[in-house]
Amino acid sequence: MHEPILNRVVLLLLFCVPVGAYFIGETYTVTLATRTVILALAAVGLNVALGLGGMVSFGHAAFFGLGGYTAGVLASHSFNSQPLFEWPIVVHGTNFMPLIWFIVIIVGGSAAYIIGRLSLRTTGVYFIMITLAFAQMLYYFAISWPTYGGEDGLPLYVRNDFPGLNTQNSLHFFLICFTILVICLLFFWFLQRSSFGLALMATRENSQRVESLGIETRKLKIIAFVLSGIITGIAGALYADLNRFVSPQMYSWHLSGEIIIFVILGGVGRLIGPVVGTVLYVLIDYYIGGFTTYWKVFLGLLLIGVVLYSKQGLVGMLIARRE
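Throughout what follows, the structure given in this document is the object of discussion. If you're wondering where the values come from, they're calculated on a predicted model, not measured in any experiment.

### Some words on the overall build of the protein
Stage number 1. For the protein, the helix and strand inventory stands at 13 helices and 4 strands.
Stage number 2. Whereas a compact globule of 323 residues would reach a radius of gyration of roughly 20 Å, the protein reaches 20 Å, a difference of no more than 12%.
Stage number 3. C-alpha extents for the protein along the principal axes are approximately 55 × 50 × 40 Å.
Stage number 4. Counting all 323 residues of the protein, 51% fall into the buried class.
Stage number 5. In the protein, the proportion of contacts linking residues at least 24 apart, taken out of those at least 6 apart, comes to 76%.
Stage number 6. If you sum the accessible surface of the protein, you get close to 15,700 Å²; carbon and sulfur atoms cover 66% of it.
Stage number 7. For the protein, the separation between the mean place of its 17 positive charges and that of its 13 negative charges on side chains is 12 Å.

Quick look at the structure:
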(Lines give C-alpha, C1' and ligand atoms only; values in the text may rest on other atoms or scores of the structure.)
Protein backbone atom coordinates (compact mmCIF):
# COMPACT_ATOMS: atom_id res chain seq x y z
CA MET A 1 0.00 0.00 0.00
CA HIS A 2 1.34 3.43 -0.92
CA GLU A 3 1.98 5.70 2.06
CA PRO A 4 -0.51 8.49 1.13
CA ILE A 5 -3.28 5.89 0.74
CA LEU A 6 -2.36 4.27 4.06
CA ASN A 7 -2.45 7.66 5.76
CA ARG A 8 -5.96 8.35 4.50
CA VAL A 9 -7.23 4.87 5.38
CA VAL A 10 -5.94 5.07 8.97
CA LEU A 11 -7.46 8.51 9.55
CA LEU A 12 -10.74 7.50 7.93
CA LEU A 13 -11.06 4.43 10.16
CA LEU A 14 -10.08 6.44 13.23
CA PHE A 15 -12.88 8.88 12.38
CA CYS A 16 -15.61 6.48 11.25
CA VAL A 17 -15.37 3.88 14.01
CA PRO A 18 -16.16 6.22 16.96
CA VAL A 19 -18.78 8.14 14.96
CA GLY A 20 -20.54 4.88 14.08
CA ALA A 21 -20.20 3.66 17.66
CA TYR A 22 -21.78 6.86 18.97
CA PHE A 23 -24.92 6.43 16.87
CA ILE A 24 -25.41 2.85 18.04
CA GLY A 25 -24.98 3.84 21.68
CA GLU A 26 -21.43 2.56 22.28
CA THR A 27 -20.21 5.66 24.07
CA TYR A 28 -17.28 3.85 25.68
CA THR A 29 -15.84 3.18 22.23
CA VAL A 30 -16.01 6.90 21.53
CA THR A 31 -14.12 7.62 24.78
CA LEU A 32 -11.53 4.97 23.92
CA ALA A 33 -11.06 6.49 20.46
CA THR A 34 -10.71 9.95 22.01
CA ARG A 35 -8.01 8.68 24.36
CA THR A 36 -6.25 7.13 21.36
CA VAL A 37 -6.39 10.37 19.40
CA ILE A 38 -4.99 12.41 22.31
CA LEU A 39 -2.11 10.00 22.95
CA ALA A 40 -1.42 9.91 19.19
CA LEU A 41 -1.21 13.71 19.27
CA ALA A 42 1.42 13.49 22.02
CA ALA A 43 3.33 10.99 19.88
CA VAL A 44 3.14 13.31 16.87
CA GLY A 45 4.77 15.94 19.06
CA LEU A 46 7.61 13.59 19.98
CA ASN A 47 7.94 12.59 16.33
CA VAL A 48 8.96 16.16 15.49
CA ALA A 49 11.92 15.92 17.87
CA LEU A 50 12.75 12.23 17.40
CA GLY A 51 11.67 11.54 13.84
CA LEU A 52 12.93 14.74 12.23
CA GLY A 53 15.65 15.86 14.63
CA GLY A 54 16.92 12.55 15.98
CA MET A 55 16.50 13.76 19.58
CA VAL A 56 15.60 10.83 21.82
CA SER A 57 13.69 12.59 24.57
CA PHE A 58 12.79 10.41 27.55
CA GLY A 59 11.10 13.31 29.31
CA HIS A 60 8.28 14.35 27.01
CA ALA A 61 5.83 13.62 29.81
CA ALA A 62 7.06 16.95 31.22
CA PHE A 63 5.23 18.83 28.46
CA PHE A 64 2.23 16.49 28.62
CA GLY A 65 1.93 17.15 32.35
CA LEU A 66 2.45 20.90 31.99
CA GLY A 67 -0.37 21.03 29.46
CA GLY A 68 -2.64 19.02 31.73
CA TYR A 69 -1.89 21.03 34.86
CA THR A 70 -2.22 24.33 33.00
CA ALA A 71 -5.72 23.33 31.88
CA GLY A 72 -6.57 21.95 35.32
CA VAL A 73 -5.36 24.94 37.32
CA LEU A 74 -7.07 27.47 35.04
CA ALA A 75 -10.32 25.50 35.08
CA SER A 76 -10.32 25.03 38.86
CA HIS A 77 -9.85 28.76 39.48
CA SER A 78 -12.63 29.52 37.01
CA PHE A 79 -14.97 27.04 38.71
CA ASN A 80 -14.20 28.34 42.22
CA SER A 81 -14.25 31.99 41.10
CA GLN A 82 -10.90 32.51 42.82
CA PRO A 83 -8.23 34.66 41.15
CA LEU A 84 -5.10 32.92 39.96
CA PHE A 85 -2.95 35.92 40.90
CA GLU A 86 -3.76 39.10 42.78
CA TRP A 87 -0.48 40.95 42.38
CA PRO A 88 0.65 42.98 40.49
CA ILE A 89 -2.67 42.53 38.64
CA VAL A 90 -5.66 40.32 39.27
CA VAL A 91 -5.66 37.30 36.94
CA HIS A 92 -8.62 34.94 36.88
CA GLY A 93 -8.88 31.37 35.64
CA THR A 94 -10.78 30.36 32.51
CA ASN A 95 -12.70 27.41 31.15
CA PHE A 96 -12.52 28.60 27.52
CA MET A 97 -10.62 25.91 25.59
CA PRO A 98 -9.01 28.08 22.87
CA LEU A 99 -7.65 30.48 25.51
CA ILE A 100 -6.37 27.56 27.59
CA TRP A 101 -4.61 26.14 24.52
CA PHE A 102 -3.02 29.50 23.84
CA ILE A 103 -1.68 29.61 27.40
CA VAL A 104 -0.52 26.00 27.07
CA ILE A 105 1.41 26.97 23.93
CA ILE A 106 3.18 29.72 25.90
CA VAL A 107 3.87 27.52 28.95
CA GLY A 108 4.84 24.42 26.99
CA GLY A 109 6.92 26.37 24.49
CA SER A 110 8.77 28.26 27.23
CA ALA A 111 9.49 25.06 29.17
CA ALA A 112 10.65 23.30 26.00
CA TYR A 113 12.95 26.20 25.17
CA ILE A 114 14.57 26.14 28.61
CA ILE A 115 14.85 22.34 28.74
CA GLY A 116 16.02 22.21 25.13
CA ARG A 117 18.75 24.81 25.55
CA LEU A 118 20.15 23.01 28.59
CA SER A 119 19.70 19.45 27.33
CA LEU A 120 21.14 20.08 23.88
CA ARG A 121 24.48 20.95 25.43
CA THR A 122 24.84 17.18 25.56
CA THR A 123 24.24 14.30 23.13
CA GLY A 124 23.43 10.62 23.21
CA VAL A 125 22.60 8.97 26.51
CA TYR A 126 23.35 12.18 28.42
CA PHE A 127 20.61 14.00 26.49
CA ILE A 128 18.20 11.16 27.28
CA MET A 129 18.98 11.30 30.99
CA ILE A 130 18.74 15.08 31.25
CA THR A 131 15.29 15.16 29.64
CA LEU A 132 14.24 12.38 32.00
CA ALA A 133 15.60 14.36 34.96
CA PHE A 134 13.55 17.44 34.06
CA ALA A 135 10.36 15.39 33.83
CA GLN A 136 11.07 13.76 37.19
CA MET A 137 11.70 17.16 38.77
CA LEU A 138 8.26 18.31 37.65
CA TYR A 139 6.75 15.01 38.83
CA TYR A 140 8.06 15.47 42.38
CA PHE A 141 7.14 19.14 42.34
CA ALA A 142 3.53 18.23 41.49
CA ILE A 143 3.49 15.66 44.30
CA SER A 144 4.66 18.29 46.81
CA TRP A 145 2.18 20.97 45.62
CA PRO A 146 -0.76 20.58 48.03
CA THR A 147 -2.57 23.65 46.68
CA TYR A 148 -3.53 21.63 43.61
CA GLY A 149 -4.04 18.22 45.15
CA GLY A 150 -0.46 17.05 45.59
CA GLU A 151 -0.17 13.31 45.18
CA ASP A 152 -3.98 12.93 45.03
CA GLY A 153 -4.28 15.06 41.91
CA LEU A 154 -6.73 17.78 40.94
CA PRO A 155 -10.30 17.03 39.77
CA LEU A 156 -12.06 19.02 37.04
CA TYR A 157 -15.78 19.03 37.73
CA VAL A 158 -16.81 19.64 34.13
CA ARG A 159 -15.00 19.82 30.81
CA ASN A 160 -13.92 23.21 29.56
CA ASP A 161 -16.02 24.99 26.96
CA PHE A 162 -15.59 25.27 23.20
CA PRO A 163 -17.72 27.73 21.21
CA GLY A 164 -20.57 26.12 19.30
CA LEU A 165 -20.09 22.62 20.72
CA ASN A 166 -21.17 20.72 23.80
CA THR A 167 -17.92 19.35 25.18
CA GLN A 168 -19.82 17.15 27.65
CA ASN A 169 -21.04 15.22 24.61
CA SER A 170 -18.53 12.44 23.87
CA LEU A 171 -18.80 12.80 20.09
CA HIS A 172 -18.37 16.57 20.14
CA PHE A 173 -15.27 16.28 22.29
CA PHE A 174 -13.89 13.54 20.03
CA LEU A 175 -14.35 15.78 16.98
CA ILE A 176 -12.39 18.57 18.69
CA CYS A 177 -9.51 16.23 19.48
CA PHE A 178 -9.56 14.59 16.04
CA THR A 179 -9.51 17.97 14.29
CA ILE A 180 -6.47 19.08 16.30
CA LEU A 181 -4.72 15.78 15.47
CA VAL A 182 -5.33 16.28 11.75
CA ILE A 183 -4.08 19.89 11.94
CA CYS A 184 -0.88 18.76 13.69
CA LEU A 185 -0.36 15.96 11.15
CA LEU A 186 -0.69 18.50 8.34
CA PHE A 187 1.78 20.72 10.17
CA PHE A 188 4.21 17.78 10.45
CA TRP A 189 3.77 17.03 6.74
CA PHE A 190 4.52 20.65 5.85
CA LEU A 191 7.46 20.79 8.27
CA GLN A 192 8.96 17.60 6.86
CA ARG A 193 9.00 19.06 3.34
CA SER A 194 10.08 22.58 4.24
CA SER A 195 13.64 23.84 4.01
CA PHE A 196 13.75 23.88 7.80
CA GLY A 197 12.66 20.24 7.98
CA LEU A 198 15.14 19.14 5.32
CA ALA A 199 17.96 20.90 7.17
CA LEU A 200 16.81 19.33 10.44
CA MET A 201 16.78 15.83 8.94
CA ALA A 202 20.20 16.45 7.43
CA THR A 203 21.42 17.46 10.90
CA ARG A 204 20.05 14.20 12.25
CA GLU A 205 22.15 12.27 9.74
CA ASN A 206 25.37 14.32 9.82
CA SER A 207 25.48 17.52 11.84
CA GLN A 208 29.09 18.32 10.93
CA ARG A 209 28.34 18.52 7.23
CA VAL A 210 25.35 20.76 7.88
CA GLU A 211 27.45 23.06 10.06
CA SER A 212 30.03 23.27 7.27
CA LEU A 213 27.31 24.91 5.16
CA GLY A 214 26.98 27.69 7.73
CA ILE A 215 23.76 26.40 9.35
CA GLU A 216 23.45 26.53 13.15
CA THR A 217 22.39 22.98 13.92
CA ARG A 218 21.78 23.63 17.63
CA LYS A 219 19.34 26.40 16.75
CA LEU A 220 17.46 24.03 14.43
CA LYS A 221 17.19 21.43 17.16
CA ILE A 222 15.99 23.94 19.76
CA ILE A 223 13.22 25.17 17.44
CA ALA A 224 12.18 21.58 16.71
CA PHE A 225 12.22 20.74 20.43
CA VAL A 226 10.01 23.74 21.19
CA LEU A 227 7.50 22.78 18.48
CA SER A 228 7.54 19.23 19.80
CA GLY A 229 6.88 20.37 23.37
CA ILE A 230 3.99 22.60 22.29
CA ILE A 231 2.15 19.81 20.47
CA THR A 232 2.64 17.39 23.36
CA GLY A 233 1.46 20.09 25.80
CA ILE A 234 -1.79 20.57 23.88
CA ALA A 235 -2.30 16.80 24.06
CA GLY A 236 -1.90 17.00 27.83
CA ALA A 237 -4.54 19.75 28.07
CA LEU A 238 -6.98 17.62 26.07
CA TYR A 239 -6.20 14.59 28.23
CA ALA A 240 -7.06 16.60 31.34
CA ASP A 241 -10.43 17.48 29.82
CA LEU A 242 -11.04 13.87 28.77
CA ASN A 243 -10.51 12.47 32.26
CA ARG A 244 -11.64 15.63 34.08
CA PHE A 245 -8.69 14.99 36.33
CA VAL A 246 -4.95 15.74 36.43
CA SER A 247 -2.36 14.03 38.59
CA PRO A 248 1.43 13.84 38.93
CA GLN A 249 1.30 10.60 36.91
CA MET A 250 1.04 12.78 33.81
CA TYR A 251 4.71 13.64 34.43
CA SER A 252 5.86 10.06 35.05
CA TRP A 253 8.69 8.44 33.11
CA HIS A 254 6.33 5.55 32.32
CA LEU A 255 4.28 7.89 30.14
CA SER A 256 7.42 9.19 28.43
CA GLY A 257 8.35 5.59 27.63
CA GLU A 258 4.89 4.84 26.26
CA ILE A 259 5.03 7.84 23.93
CA ILE A 260 8.38 6.61 22.59
CA ILE A 261 6.85 3.16 22.07
CA PHE A 262 3.99 4.68 20.05
CA VAL A 263 6.48 6.30 17.68
CA ILE A 264 8.76 3.27 17.35
CA LEU A 265 5.88 0.83 16.75
CA GLY A 266 4.33 2.91 14.00
CA GLY A 267 7.53 4.21 12.46
CA VAL A 268 9.97 6.94 13.47
CA GLY A 269 9.72 9.91 11.13
CA ARG A 270 6.64 8.55 9.35
CA LEU A 271 3.67 10.88 9.10
CA ILE A 272 1.04 8.40 10.26
CA GLY A 273 3.47 6.23 12.25
CA PRO A 274 2.68 7.66 15.71
CA VAL A 275 -1.05 7.23 15.07
CA VAL A 276 -0.68 3.60 13.98
CA GLY A 277 1.56 2.85 16.95
CA THR A 278 -0.87 4.44 19.40
CA VAL A 279 -3.89 2.63 17.95
CA LEU A 280 -2.08 -0.70 18.19
CA TYR A 281 -0.96 -0.02 21.77
CA VAL A 282 -4.47 0.92 22.90
CA LEU A 283 -6.01 -2.12 21.18
CA ILE A 284 -3.51 -4.47 22.84
CA ASP A 285 -4.16 -2.79 26.18
CA TYR A 286 -7.95 -3.05 25.78
CA TYR A 287 -8.38 -6.53 24.28
CA ILE A 288 -5.44 -8.54 25.61
CA GLY A 289 -5.41 -6.56 28.86
CA GLY A 290 -9.00 -7.70 29.38
CA PHE A 291 -7.81 -11.31 29.57
CA THR A 292 -4.53 -11.03 31.41
CA THR A 293 -2.59 -8.53 33.48
CA TYR A 294 0.54 -9.64 31.60
CA TRP A 295 -0.51 -8.03 28.35
CA LYS A 296 2.70 -5.99 28.24
CA VAL A 297 4.59 -9.22 27.56
CA PHE A 298 2.84 -9.41 24.18
CA LEU A 299 3.54 -5.73 23.61
CA GLY A 300 7.21 -6.31 24.38
CA LEU A 301 7.43 -9.21 21.94
CA LEU A 302 5.83 -7.09 19.24
CA LEU A 303 8.19 -4.20 19.95
CA ILE A 304 11.22 -6.53 19.75
CA GLY A 305 9.97 -7.87 16.42
CA VAL A 306 9.51 -4.38 15.00
CA VAL A 307 12.94 -3.21 16.16
CA LEU A 308 14.68 -6.32 14.77
CA TYR A 309 12.89 -6.69 11.46
CA SER A 310 11.54 -3.26 10.54
CA LYS A 311 13.42 -0.19 11.73
CA GLN A 312 10.81 1.92 9.92
CA GLY A 313 8.03 0.47 12.09
CA LEU A 314 4.79 -1.10 10.98
CA VAL A 315 4.11 1.66 8.47
CA GLY A 316 7.52 1.11 6.89
CA MET A 317 6.87 -2.62 6.79
CA LEU A 318 3.57 -2.21 4.96
CA ILE A 319 5.06 0.20 2.45
CA ALA A 320 8.13 -1.99 1.85
CA ARG A 321 5.94 -4.99 1.06
CA ARG A 322 4.04 -2.95 -1.51
CA GLU A 323 7.28 -1.74 -3.10
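Additional details are given in the paragraphs that follow.
### Some remarks on the nonpolar core
Stage number 1. Grouped together as the largest cluster of nonpolar side chains are 98 residues, with contacts concentrated most on Leu41 and Leu181.
Stage number 2. The biggest single contributor to this core is helix α2 (residues 27–52), with 15 residues.
Stage number 3. In this view, Leu41 contacts Ile180, Leu181, Cys184, Ile231, Ile234, Ala235 and Leu238; residues no more than four positions away in its chain are not counted.

### Thoughts on the pattern of salt bridges
Stage number 1. In the structure shown here, the tally under the stated rule is 2 salt bridges.
Stage number 2. Arg204 is the salt-bridge partner of Glu205, the closest N and O atoms lying 3.0 Å from each other.

### Considerations on the packing of aromatic side chains
Stage number 1. Evaluated as defined, the whole model comprises 17 aromatic pairs.
Stage number 2. Members of the aromatic cluster, joined through ring pairs, are Phe15, Phe174 and Phe178.
Stage number 3. Sitting over the face of the ring of Phe173, Arg159 holds its NZ or CZ atom 4.5 Å from the ring centroid.

### Examining unusual backbone geometry
Stage number 1. Backbone geometry places Ser81, a non-glycine residue, at a positive phi of 60°.
Stage number 2. Position of Ser81 among the secondary structure elements: in the loop between α3 (61–80) and β1 (83–85).
Stage number 3. The exposure class of Ser81 is exposed, given its relative accessible area of 61%.
Stage number 4. The residue Arg244 is not glycine, and still its phi comes out positive at about 55°.
Stage number 5. Tracing the backbone through its elements, the reader meets Arg244 in the loop between α9 (217–243) and β4 (245–246).

### Overview of the packing of α2 against helix α10 (residues 253–266)
Stage number 1. Relative to each other, α2 and α10 sit at 75°, their axes nearing to 9 Å. When the interaxial angle is binned, α2 and α10 end up roughly perpendicular. Facing α2, whose interface residues are Leu39, Ala42, Ala43, Leu46, Asn47 and Leu50, α10 presents Ile259, Ile260, Phe262 and Val263.
Stage number 2. Along the lines of polarity and charge, the residues of the contact of α2 with α10 split into 9 nonpolar, 1 polar and no charged.

### Remarks on the state of the cysteines
Stage number 1. In the structure shown here, the tally under the stated rule is 0 disulfides.
Stage number 2. Looking at the unpaired Cys16, the closest cysteine sulfur is the one in Cys177, lying at 17 Å.
Stage number 3. Between Cys177, a cysteine without a disulfide, and Cys184, which holds the nearest cysteine sulfur, the sulfur-to-sulfur distance is 11 Å.

### Section: the side chain of Arg159
Stage number 1. Mapped onto the secondary structure, Arg159 falls in the loop between β3 (154–155) and α6 (170–193).
Stage number 2. Salt bridges are absent for the buried Arg159, whose nearest opposite-charge side chain, Asp241, sits at 6.0 Å.
Stage number 3. One polar contact links the side chain of Arg159 to the main-chain carbonyl oxygen of Asp241, over a distance of 3.0 Å.
Stage number 4. Not counting chain neighbours up to four residues away, the residues in contact with Arg159 comprise Thr167, Gln168, Asn169, Phe173, Asp241, Leu242 and Arg244.

### Some details on α2
Stage number 1. Taking 1.5 Å per residue as the helical rise, α2 with its 26 residues ought to reach 38 Å, and the 36 Å between its terminal C-alpha atoms agrees with that figure.
Stage number 2. At Leu46, α2 shows its largest kink, close to 35°.
Stage number 3. Of the residues flanking the end of α2, it is Gly54, one or two places downstream, whose phi is positive at about 70°.

### Digging into helix α12 (residues 295–309)
Stage number 1. With 15 residues, α12 extends 22 Å from end C-alpha to end C-alpha; this agrees with the ideal 21 Å at 1.5 Å per step.
Stage number 2. Where α12 is concerned, the buried positions are Trp295, Leu299 and Val306. Looking straight down α12, one finds its buried side chains confined to an arc of 35°; they lie on one side. Among the exposed residues of α12, those oriented more than 90 degrees off its buried face are Leu301, Leu308 and Tyr309.

### Notes on the packing of α6 against helix α7 (residues 195–205)
In a packed pair of helices, the relevant descriptors are the angle between the two axes and the axis-to-axis distance.
Stage number 1. Between α6 and α7, the shortest axis-to-axis distance is 4 Å and the interhelical angle comes to 70°. Viewed along their axes, α6 and α7 adopt a mutual orientation that is roughly perpendicular. On α7, the residues that touch Leu191, Gln192 and Arg193 of α6 are Ser195, Phe196, Gly197, Leu198 and Met201.
Stage number 2. Across the contact of α6 with α7, the residue classes tally to 4 nonpolar, 3 polar and 1 charged.

Conventions and cut-offs
- Residues numbered from 1 in each chain as written.
- Predicted model: local features only at pLDDT ≥ 70, side-chain atom pairs only at ≥ 80, totals over all residues.
- Heavy atoms only, no water.
- Helix = DSSP H or I, 4+ residues; strand = E, 2+ residues; numbered from the N terminus.
- Rg over C-alpha atoms; globule rule 2.2 N^0.38 Å.
- Buried < 20%, exposed > 50% of the residue type's maximum accessible area, 1.4 Å probe, protein only.
- Contact = heavy atoms within 4.5 Å.
- Areas by Shrake-Rupley, 256 points an atom, 1.4 Å probe, with all protein chains shown as cover.
- Lys, Arg positive; Asp, Glu negative; His and termini not counted.
- Charge placed at Lys NZ, Arg CZ, Asp CG, Glu CD.
- Core = buried A, V, L, I, M, F, W, Y, C linked by side-chain atoms within 4.5 Å.
- Salt bridge = Lys/Arg side-chain N within 4 Å of Asp/Glu carboxyl O.
- Phe/Tyr/Trp six-rings, centres within 6.5 Å; stacked < 30°, edge-to-face > 60°.
- Lys NZ or Arg CZ within 6 Å of the ring centre and 35° of its normal.
- Axes fitted to C-alpha atoms, helices over the stretch in contact; angles between N-to-C directions.
- Parallel < 35°, antiparallel > 145°, perpendicular 65-115°, else oblique.
- Nonpolar A, V, L, I, M, F, W, Y, C, P; charged D, E, K, R; others polar.
- Disulfide = S-S within 2.5 Å.
- Polar contact = N/O pair within 3.5 Å; in protein donor to acceptor, adjacent residues only side chain to side chain.
- Expected span 1.5 Å × (residues − 1).
- Bend = angle between axes of the 7 residues up to and from the residue.
- Arc of directions from axis to C-beta.

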